[in-house]
Amino acid sequence: MQLFGAYAVLLAFVLAVYAFVAGVVGHLRRRRRLIVSAERATLAVFPALTVAVLCLIGLIFRNDFTVAYIAEHSNRALPFYFKIAVLWSGQEGSLLFWSWLLSGYAFVVLLGGRLRPGRAADELSPKHAHRALVPLASVILAGVEVFFLALNNFAASAFASLPVGTPADGNGLNPLLQYSQMDIHPPLLYLGYVGFAVPFAFCLAALLKRYPGDRWIHITRRWTMVAWLFLTIGIVLGGLWAYKVLGWGGYWAWDPVENAAFLPWLTGTAFLHSVMMQEKRGMLKIWNVWLVFATFLLAIFGDFLTRSGLVSSVHAFAQSSIGGWFVIFLAIAVAVCLAAFFKNKDFLKSENPLESTASREAGFLFNNFVLLVAAFAILWGTLFPVISEWVEGQKISVGRVFFDRINVPIFLFLLFLTGVGPLLAWRRTSAASLKRNFLGPAILGAAVLALCLAMGWRDPYPLVCFALAAFVLAIVAMEFYRGARVLSRRSRRGLALSAVELTMRNTRRYGGYIIHVGIVLLAVGIAGSGFNQQTEGPMPYRAKLAVGPYTLTSLAYTQDDNANFSSEALIVRVDQGGREIATMYPSRRFYKASNQTQSMVADRSTLLSDLYLVYAGDDPETNQPILHAYWNPLIAWIWIGALVIGFGTIIALLPSRTAAARRENPPARVAETAEVAQV
Amino acid sequence: MQVRFASRPLRRISLALALLGLFTAGLRGDPVAERYHRLAAKLRCVCPCHQSMLSECSNMQCSARAQLDAAMVKLSQKVRSGDSDELILQAFVQEFGPEVLAAPPTHGFSLVVWIMPWVAAGLGLWALLAVLHYWRAQRPSAEPATAPAAPAGDGDPALARVQAEIARELGDWERRE
Ligand code: HEM
């Protein structure tokens, strides 16, 4: 099976190389048959890699420790539901997984959009017009595959054997990865990262082909949304994992690898907004192309950061010396983007000028500006330790304090814009209209601020955040209410049903608003950290510790043992207002195969706050257990916000109820329709 | 950098005393404990996880856990010895290198890390305003000052009617679709 898997990866590489070379030659020489053959080869990469991935999974389940990767990352006693996580827990496996996902995306793109043989691109209906780009986009995807498959074959083979002998058991999976979140966080994150290759391929293909019209931007937007959705959920699940596993009471530490995932998210979000300027007004074409390029390049850069060890990180699960390969690939990718851009930039001329700074266009420009400033600040802070080492010879750490201080004001401004943006009209908005639409929400925001101050809260950032949250929620609610009320009057249906109808009639717009609500909830959850409390202390029998509104009492201490780990747990009674409300079991595990100890956090989560307990170990002298206790208000809203974002994104991806009519008869741009109206 | 104590029992005893002292002090709101927490918030845990403040590291994976414990003892001793915060932090930098500081210093080369995001924001804003200005200057003069409302609804006549009605109700003929 080992050999079979290795050959499958090699076959995938050969197929990808053929697809790329034949595709390039086919397109340059306009050889239709060569192009079709290249497409078939791209399609075939996916089954080949599926076989390879299945082989590796089979070997993992068979505990075949002749395979170095499996000896390194798995062991016999590992429960089956964590064995699957072995696939992405180390360098070689995760690279194979990455290639497999990429080939899967290419497969879907090709299956969904391949031109039927013998059919010319110009015979396509408007609905299928983007299919003309699929052949070239698939060649670009094959090019990206060549790089990753080269790594799989020549730099980091998941099927390589141990140099000598076969150990009786493996080293085991890193205890930090033995959590249910690890079964879904990495695949989702990877689906996000890898997914950005698809909009990149379409965008580059459109540029190279000087593809007329804006159809390509629709398909690029749709694929960006898909990748963005996965990345969003992947990032938040990563936060959830950090929160539940790392035991420091937080979920986001501005770790370089977290930042690396956040960067393409920021540029992707910017693109999802600026793309509307191109669709509706024919503006910002150059900007959009570069946002798509930057998002893809940042995704690859993020992968490079995770794997190269350039910056030290908690995610050092998959580090090795393959950084050089990534540098070369990134250099080639940048060169290709630059060359394609300079050769064809006249094709990206803006069609309309901006008319007013109080317009939706300007709102989107500010949105992009803020998102990119945040992206720059994060990139800069992440790389600064490396820069300082080059310049001064010593590494200066740039941690949470820096990132919080720089980013919190930036994101608060973004939150404000999230409220303002949707109320701005295309082209121009009058002061009277602004006043009419903003007054109510602004008063509500001010009332919330006053209420917070009256409650004695003084930390400015959470207060501003709560006020802005109320402001944005009021605006979104107003948007839904107004539309639903009119619809309900017409159809005589209830407001709720009418709101659903309204959403389904313009999924993109109202899906976007739901996403904004998710962002607000997430912001409220983050703002809650301004009220966090923590304490720590020895917890011998009957000892007490107070945190937030709770009193903790140590009741007992238990031990357990199984094949994978031995564990010891504290039994802690939780009282609130003199009444017992829960019993919690913070524990520690000693993993036998890897010889590593891991704290198992006990978390009691409610909508208002979390009580989070970490058994940090025993005092070496007194042997008394030490407990860290955290009271984290509002944290649950972060996870709820992420769910709402996911829901909104799915809505925004659905075709609107009248989409069929619209696709056949695409809406004219604002300027054009304005002219028609004038006539 | 490894912190070495004269003997292991000495390290253990001083650690236990320091921890116990600080924890009980923390419960009573002791100024020493407050200072301890204030300083701990300015220091990082010098461990490979590189993500927690000194006060927060409960990561048992930390190979530098022993260093952290030693740092806590040292911190508590320094706190009690009455040195200024600045001096205590400097001692940490000497012991562990500049990486121990939770935030980069605001002097010397590190100042650049603080300034650059705002410089970039300033440049970006300037570029944005320049683009806005340029575009507005390009606006065709023949066009009416207020553009007439365009049909809304993204091709959906029903939705267009709804949006027009909302706009009418609000006396707002501007197009937000
Ligand atoms: C982190 C903050 C934000 C996130 C994650 C976010 C995300 C999104 C997403 C994913 C969509 C749907 C796009 C589509 O379906 O193509 C959307 C729609 C929208 N966003 Fe945002 N957004 C954010 C902030 C903002 C800001 C600051 C503005 C202000 C200019 C804004 C204005 C809009 C508008 C007007 C729409 C609806 C467009 C329509 O009518 O179709 N958003 N947003």
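Thresholds applied
- Residues numbered from 1 in each chain as written.
- Chains lettered and ligands numbered in written order.
- Predicted model: local features only at pLDDT ≥ 70, side-chain atom pairs only at ≥ 80, totals over all residues.
- Heavy atoms only, no water.
- Helix = DSSP H or I, 4+ residues; strand = E, 2+ residues; numbered from the N terminus.
- Buried < 20%, exposed > 50% of the residue type's maximum accessible area, 1.4 Å probe, protein only.
- Areas by Shrake-Rupley, 256 points an atom, 1.4 Å probe, with all protein chains shown as cover.
- pLDDT = per-residue confidence, 0-100.
- Contact = heavy atoms within 4.5 Å.
- Near = heavy atom within 4 Å.
- Polar contact = N/O pair within 3.5 Å; in protein donor to acceptor, adjacent residues only side chain to side chain.
- Nonpolar A, V, L, I, M, F, W, Y, C, P; charged D, E, K, R; others polar.
- Domains from an automatic or database assignment.
- Buried area = accessible area lost by both parts, 1.4 Å probe.
- Salt bridge = Lys/Arg side-chain N within 4 Å of Asp/Glu carboxyl O.
- Expected span 1.5 Å × (residues − 1).
- Axes fitted to C-alpha atoms, helices over the stretch in contact; angles between N-to-C directions.
- Parallel < 35°, antiparallel > 145°, perpendicular 65-115°, else oblique.
- Left-handed = near helix turned anticlockwise from the far one by under 90°.
- Disulfide = S-S within 2.5 Å.

Re the overall build of chain B
Link 1 in the chain: Within chain B, the regular secondary structure consists of six helices and zero strands.
Link 2 in the chain: Helices and strands in chain B line up, N terminus first, as α-α-α-α-α-α.
Link 3 in the chain: With 177 residues in all, chain B has 49% of them scored as buried.
Link 4 in the chain: With an accessible surface of roughly 8700 Å², chain B has 61% of that area assigned to carbon and sulfur atoms.

Examining the confidence of the model for chain B
Residue and element names in this part refer to chain B.
Link 1 in the chain: The predicted model of chain B has a mean per-residue pLDDT of 63, with 37% of residues at 70 or higher.
Link 2 in the chain: Looking over chain B, one finds the lowest element-wise mean pLDDT in helix H1 (residues 8–28), namely 45, and the highest in helix H5 (residues 111–138), namely 89.
Link 3 in the chain: Confidence drops under pLDDT 50 across residues 1–17; counting only partners more than four residues distant or on other chains, this segment forms 26 contacts.
Link 4 in the chain: Predicted confidence is poor over residues 169–177, with pLDDT under 50, and the contacts of this stretch with residues over four places away or in other chains come to 43 contacts.
Link 5 in the chain: For this predicted complex, the interface score ipTM comes out at 0.80, while the overall pTM is 0.86.

Observations concerning the site of the ligand
Residue and element names in this part refer to chain A.
Link 1 in the chain: Taken together, the neighbourhood of the ligand is formed by 24 residues, with Arg221, His273, Asn367, Arg508 and His516 sitting nearest.
Link 2 in the chain: Within the side chain of Arg221, one N or O atom sits 2.7 Å away from an oxygen atom of the ligand.
Link 3 in the chain: Arg360 places a polar side-chain atom, nitrogen or oxygen, 3.4 Å from an oxygen atom of the ligand.
Link 4 in the chain: Those elements giving two or more residues to the shell around the ligand turn out to be helix H9 (215–246), helix H10 (256–281), helix H13 (360–392), helix H14 (400–420) and helix H18 (507–527).
Link 5 in the chain: With six residues, the top contributor of residues to the shell around the ligand is H18.
Link 6 in the chain: Of the residues in the shell around the ligand, the class split is 12 nonpolar, eight polar and four charged.

Quick notes on the domain arrangement of chain A
Residues and elements named next belong to chain A.
Link 1 in the chain: Domain annotation of chain A identifies domain 1 (1–173), domain 2 (179–423) and domain 3 (531–636).
Link 2 in the chain: Just the C-alpha atoms count here: the centres of domain 2 and domain 3 sit 38 Å apart.
Link 3 in the chain: Taken together, the contact pairs nine residues of domain 2 with 11 residues of domain 3.
Link 4 in the chain: Of the roughly 770 Å² buried between domain 2 and domain 3, counting both surfaces, carbon and sulfur atoms make up 48%.
Link 5 in the chain: Three residues, Tyr179, Tyr243 and Lys244, lead the burial of domain 2 against domain 3; their summed loss comes to 55% of the area buried on that side.
Link 6 in the chain: Summed over the shared surface of domain 2 and domain 3, the number is one salt bridge.
Link 7 in the chain: With its nearest N and O atoms 2.7 Å apart, the salt bridge here joins Asp603 to Lys244.
Link 8 in the chain: Seen at the junction of domain 2 and domain 3, the total is eight residue pairs in polar contact (both at pLDDT 80 or more).
Link 9 in the chain: Looking at side-chain class alone, the side of domain 2 that touches domain 3 contains six nonpolar, two polar and one charged residues.

As for helix H5 (residues 91–113) of chain A
Link 1 in the chain: Relative to the 33 Å expected for 23 residues at 1.5 Å per residue, H5(A) spans 33 Å between its end C-alpha atoms, a close match to the ideal helical length.
Link 2 in the chain: Counting buried residues in H5(A) gives 17 out of 23 residues, a clear majority hidden from the surface.

Brief notes about H5(B)
Link 1 in the chain: The end-to-end C-alpha separation of H5(B) is 41 Å, in line with the 40 Å expected for 28 residues at 1.5 Å each.
Link 2 in the chain: As for H5(B), its buried residues are in contact with H13 and H14 of chain A.

So, the packing of helix H1 (residues 2–29) of chain A against helix H2 (residues 32–61) of chain A
Residues and elements named next belong to chain A.
Link 1 in the chain: Viewed as axis vectors pointing N to C, H1 and H2 meet at an angle of 160°, and their least axial separation amounts to 8 Å. Classified by the angle their axes make, H1 and H2 are roughly antiparallel. The element H1 and its partner H2 pack so that their crossing is left-handed.
Link 2 in the chain: Looking at the contact of H1 with H2 residue by residue, the classes come out as 23 nonpolar, seven polar and no charged.

Concerning the pattern of salt bridges
Residue and element names in this part refer to chain A.
Link 1 in the chain: Applying the stated criterion across every chain, the model contains seven salt bridges over all chains.
Link 2 in the chain: In this structure, Glu479 and Arg509 form a salt bridge, with 3.6 Å as the shortest nitrogen-oxygen distance. With a gap of 30 residues between them, Glu479 in helix H16 (residues 460–491) and Arg509 in helix H18 connect regions that are remote in the sequence. Across this residue pair, the class does not change: Glu479 and Arg509 are buried.
Link 3 in the chain: One salt bridge in this structure joins Arg573 and Asp575, with 3.0 Å as the shortest N-O distance. As far as the burial class goes, Arg573 and Asp575 line up, both buried.

Regarding the state of the cysteines
By definition, a disulfide links the sulfur atoms of two cysteines through a covalent bond.
Link 1 in the chain: Per the stated rule, a full pass over the model turns up zero disulfides over all chains.
Link 2 in the chain: Note on A:Cys203: no disulfide assigned, nearest cysteine sulfur contributed by A:Cys337 at a separation of 8.3 Å.

Looking at the packing of helix H17 (residues 495–505) of chain A against H18(A)
All names here are of chain A.
Link 1 in the chain: For the pair H17 and H18, the least separation of the axes is 5 Å and the interaxial angle reads 115°. Together, Leu502, Thr503, Met504 and Arg505 of H17 and Thr507, Tyr510 and Ile514 of H18 make up the contact between the two elements.
Link 2 in the chain: Per-class residue counts for the contact of H17 with H18 are four nonpolar, two polar and one charged.

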